[in-house]
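# Understanding the architecture of this molecule
The primary structure of each chain is shown beneath.
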Amino acid sequence: MPEHDGTGRVKLAIRSLEKDGTVANERTITVPTGVSAFDAASWNGIAIDSTCGGYGTCKKCKIKITKGDVATSPLDNRAFTASEIAQGWRLACLVRTTTDISLEVPPLTTRPKAATVGVGRQVILRPAVQKRYVELSEPTLQDQRTDIKRLLDAIDDIEATVSLASIRTLPTVLRASHFKVTAVFIDQALIDVESGDTTTIRYGIAYDLGTTTVVATLLDLNTGAPLAVKSMLNKQQPFGADVITRISATMLDPTALARLRSLAQSTLSELTNEVCEEAGIDPAHVYEVALAGNATMTQLLLGIDPEPLGVAPFIMASADYADVDALELGIVVHPRAKAVILPSLGAYVGGDIIAGALASGMDRDKRLRLFIDVGTNCEIILGNGEKILATAAPAGPAFEAASIKCGVRAASGAIETVKIVDGDFVIGTIEDAAPIGICGSGLVDACACLVQVGLLDHSGRFVSDEIAARVAPILAPRLLTREGERVFVLTWGGEVGDLNDCVFLTQRDVRELQFAKAAIATGWALLLEEFGVEESEIQQVLLAGSFGSYLSPASAIKIGLVPKLSVLRIISAGNVAGEGAKMTLLSAQERHGATALLDEIDYVELSDRSDFNDKFVDRLAFPQ
């Protein structure tokens, strides 16, 4: 497969086809270079047939390249004829996105026996939601069994538990459907009896409840395929950009907890309606949901006082929760649907990270791997399948661009990439719109480029005008002074030299990034020390989360955010929290695996390390 330098983004124009050859939908997505076409499609809810988890062994993930040049691999040559190769057929898991391409995704030709989710993880499709269609004999004077006994006698593979709610409508449904019904179970619990054969109708929704962004994915539990994916800002945003400000709000205002809970529920409810509407699914046919969130977001959603999470010794109300009714979370689906809440390892290593560890196979892969979920609170895991350590580092809001002078969220017009071409800056904005500011990935790129050309020294200080003119003559005019502070102009709003309406980077912005990256680097450095290994021994680094997935690996290395390794060892892992949540819906076994991770991962507390501050100061500088 072609190598890449870890910088920039590429566009994939994806056309999904129906079985009759008509176009089901067309989408254009933007992903970091080096991401496989299979992962890119999966992250965006586009189903491509596969059973091997993207290892290239099943040869099922067939796509057709309609525009762009994609080299063949030895496996492609074994999977396709010479004629098919010439037509553009390739295996999606082996197509590395190094340039803009257009492709067609054929319809799923068989009903998959397994659902492939996450990063290199394969899940046997065995959801907790089960349906059994039965045709019952009608009662007679000779056969006066109760309705519930008549039903359960016909189902011999489930030892059912029965609630009053599931019995309440049973007599009516049985007789209206002439005793031909479908029983709906979650594990052993009978939750409903439906008229006729509804075994092909079985759905679940997985939520990634982030501090900033919430993602919902509607899944067909019969096939494991994602049917719709929607995301939106967490409606708790008015209470602050991070968990500490939201915890503080509950401490200062007795009504804040109820309001924060209501806002979280409203967010989930709106997303639920959106994914069901997009897929044309009746919400009443969603029987189970799963939620991955950090400890604070989870407790706020459940209406549990989060104050102990915000003060030493940082204690959670509970590490895990028994399945609750979906209605408790404000999610209006089937009235007796259950919600699975991913367990938390600690106050700052929550259910979202357990979900990420599950999805990325941190307890299975024997390679030494470093998992970094980059955000305001950065969670870090280091493991080799046998020994797993985790910690959390307070990175602050720089990566969310909240503390950056011209910082904006990752929305249309945000500068997300910066490269140097022929000595000049070339920027890329989201959706190619006119630049309105800079988001986190653009901030990292910009600082990495400035260090590369010598306009930022390794201490993080902008160089003098004299040095700038010598080391980067084309870029030197962009280095100016604004209100007594050195700034570097990324885009001019009008004439060159006019600072009105331009997007610029300040010395303070650089310092904010340095503090953030130093906290993260100190975190993984201490885990390496605790593990007894060196940076060079790490075989793979997984960058996870909404920000981490769009971070340039090359830039991350240049600023010292991640270990100095080959750029090909740095992997954009995608929304692994959401992937882990999906896995718990698709496989009851994986649900138990998530709980088992609590015992397999050892948490390392950084706040009581006497050497933390010294190591933090050492990591502030940009690498030489």
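Heads up: the structure comes first, above all this text.
Cut-offs applied
- The numbering scheme is per chain: residues are counted from 1 as the chain's sequence reads.
- Residues qualify for local features only when their pLDDT is at least 70, as the model is predicted, and side-chain atom pairs are given and counted only at 80 or more; totals for whole chains, interfaces and linings, by contrast, use all residues.
- Calculation of side-chain values draws on the structure's entire complement of heavy atoms; hydrogens and water are dropped beforehand.
- Centres within 6.5 Å are what make two rings of Phe, Tyr or Trp a pair, Trp counting through its six-membered ring; a difference in plane orientation under 30 degrees is then read as stacked, over 60 as edge-to-face, and the rest as tilted.
- Numbering of helices and strands runs from the N terminus; a helix is a DSSP stretch of H or I covering at least four residues, while a strand is a stretch of E covering at least two.
- Throughout this description, the term nonpolar core refers to a set of buried Ala, Val, Leu, Ile, Met, Phe, Trp, Tyr and Cys residues connected via side-chain atoms within 4.5 Å.
- Burial classification: accessible surface area is computed with a 1.4 Å probe over protein chains only, and a residue below 20% of its type maximum counts as buried, one above 50% as exposed, and the rest as partly exposed.
- Whether two residues touch is decided by their heavy atoms; if any such pair falls within 4.5 Å, the residues are in contact.
- The rule is simple: put a 1 Å grid over the protein atoms alone, call a set of points where a 1.4 Å probe fits but cannot get out a cavity, call an open set with protein on both sides within 12 Å along at least five of seven lines a pocket, and count a residue as lining if it has an atom within 4 Å of a point.
- Grid points are joined across faces, edges and corners, and a volume is the space filled by probe spheres set on the points.
- Put simply, Ala, Val, Leu, Ile, Met, Phe, Trp, Tyr, Cys and Pro go in the nonpolar bin, Asp, Glu, Lys and Arg in the charged bin, and everything else, Gly too, in the polar bin.
- Here, strands pair whenever DSSP counts at least two bridges between them.
- Orientation is described by lines fitted to C-alpha atoms, with helices fitted over the stretch in contact, and by angles between N-to-C directions that extend from 0 to 180 degrees.
- Like-charged residues are merged into a patch within 9 Å and nonpolar side chains (Val, Leu, Ile, Met, Phe, Trp, Tyr) within 5 Å, provided each residue has over 30% relative accessible area and no salt bridge.
- Surface accessibility in these figures is a Shrake-Rupley result with a 1.4 Å probe; residues are shielded only by whichever protein chains are displayed.
- Salt bridge, as applied in this entry: a Lys or Arg side-chain nitrogen positioned within 4 Å of an Asp or Glu carboxyl oxygen.
- With respect to orientation, any angle under 35 degrees is reported as roughly parallel, any angle over 145 as roughly antiparallel, any angle of 65 to 115 as roughly perpendicular, and every other angle as oblique.

### Topic: the packing of aromatic side chains
On inspection of all chains with the given rule, the structure shows five aromatic pairs. A centroid spacing of 5.0 Å and a plane angle of 50 degrees characterise the contact between Phe425 and Phe488, whose relative ring orientation is tilted. Separated by 63 residues along the polypeptide, Phe425 in strand 22 (residues 424-429) and Phe488 in strand 25 (residues 485-491) bring together distant segments of the chain. Ring geometry for Phe612 versus Phe616: centroids 6.2 Å apart, planes at 20 degrees, classification stacked.

### Here's the deal with the nonpolar core
If you look at the biggest cluster of nonpolar residues, it comprises 83 residues, and the most contacted ones within it are Ile205 and Leu268. It is helix 8 (residues 256-279) that contributes the most residues to this core, eight residues altogether. Setting aside chain neighbours within four positions, we find Ile205 in contact with Ala216, Thr217, Leu218, Thr272, Val275, Cys276, Val286, Glu288, Val289, Ala290 and Leu585. Of all hydrophobic cores here, the second largest spans 79 residues; its members include Val463, Ala521, Ile559 and Leu606.

### Focus on the environment of Glu277
Within the secondary structure, Glu277 sits in helix 8. Look at Glu277 and you get exposed, because its relative accessible area is 67%. Glu277 sits 49 residues away from Ala228 along the chain, and the two C-alpha atoms are 9.0 Å apart.

### Structural notes on empty space enclosed by the protein
Scanning all chains against the criterion turns up two cavities of 30 Å³ or more. Reported here for the second largest cavity is a volume of approximately 30 Å³. Together, Ala295, Thr298, Gln299, Met316, Ser318, Ala319, Tyr321 and Ser344 line the second largest cavity. A class-by-class count of the residues in the lining of the second largest cavity yields four nonpolar, four polar and no charged.

### Section: the sheet that holds strand 15 (residues 286-293)
Sheet architecture is open: six strands sit in the order 14-13-12-15-17-16, paired in mixed fashion. Where the open sheet ends on each side, the last strands, each with one partner, are strand 14 (226-233) and strand 16 (324-325). Note: strand 12 (residues 203-209) against strand 15, seven bridges, orientation parallel. Note that in strand 15 the partner of Tyr203 across the bridge is Val286. Packed onto the sheet, helix 8 meets strand 12, strand 13 (213-220), strand 14 and strand 15 and runs at close to 145 degrees relative to strand 14. This element, helix 17 (residues 576-586), spans strand 12, strand 13 and strand 15 of the sheet and lies at about 150 degrees to strand 12.

### Description of a nonpolar patch on the surface
Side chains of Met251, Leu252 and Val311 sit close together on the surface and give an oily, nonpolar patch of about 310 Å² of accessible area. Following the sequence through the fold, Met251 ends up in helix 7 (residues 243-252).

### Some details on the environment of Ser607
As for its position among the elements, Ser607 is in the loop between strand 29 (601-603) and helix 19 (612-618). Look at Ser607 and you get exposed, because its relative accessible area is 55%. With 294 residues separating them along the chain, Ser607 and Pro313 place their C-alpha atoms 9.8 Å apart.

### Focus on the packing of helix 7 against helix 8
It is the contact of helix 7 with helix 8, at a shortest axis distance of 7 Å, that shows an interaxial angle of 135 degrees. Viewed along their axes, helix 7 and helix 8 adopt a mutual orientation that is oblique. Only Ala256, Leu257 and Leu260 of helix 8 make contact with helix 7, whose side of the interface consists of Arg246, Ala249 and Thr250. Across the contact of helix 7 with helix 8, the residue classes tally to four nonpolar, one polar and one charged.

### A closer look at the pattern of salt bridges
Within this structure, the stated rule accounts for 30 salt bridges. The partner of Glu194 in a salt bridge is Lys131, and the shortest N-O contact between them spans 3.0 Å. Taken together, the positions of Glu194 in strand 11 (residues 189-195) and Lys131 in strand 8 (residues 129-135) put the pair 63 residues apart, joining distant regions of the chain. A single burial state applies to Glu194 and to Lys131, both of which are buried. The salt bridge partner of Glu483 is Arg482, with a shortest N-O separation of 3.6 Å.

### Looking at unusual backbone geometry
Residue Pro313 is bonded to the preceding Ala312 through a cis peptide linkage, with omega at 10 degrees. Positive phi is not limited to glycine here, since Phe179 has a value of about 65 degrees. Within the secondary structure layout, Phe179 lies in the loop between helix 6 (170-176) and strand 10 (180-186). Given a relative accessible area of 3%, Phe179 falls into the buried group.

### Brief notes about the sheet that holds strand 24 (residues 479-482)
In a beta sheet, neighbouring strands are held together by backbone hydrogen bonds and run either parallel or antiparallel to one another. Strand order in the open sheet formed by three strands is 24-25-26, and the pairing between neighbours is antiparallel. Edge positions in the sheet fall to strand 24 and strand 26 (503-506), since each has one partner strand and no second. In this sheet, neighbouring strand axes are inclined to one another by 45 degrees on average, regardless of whether the strands run parallel or antiparallel. Across four bridges, strand 25 lies against strand 26 in antiparallel orientation.

Geometric descriptors of this kind do not, in isolation, establish any biological role.
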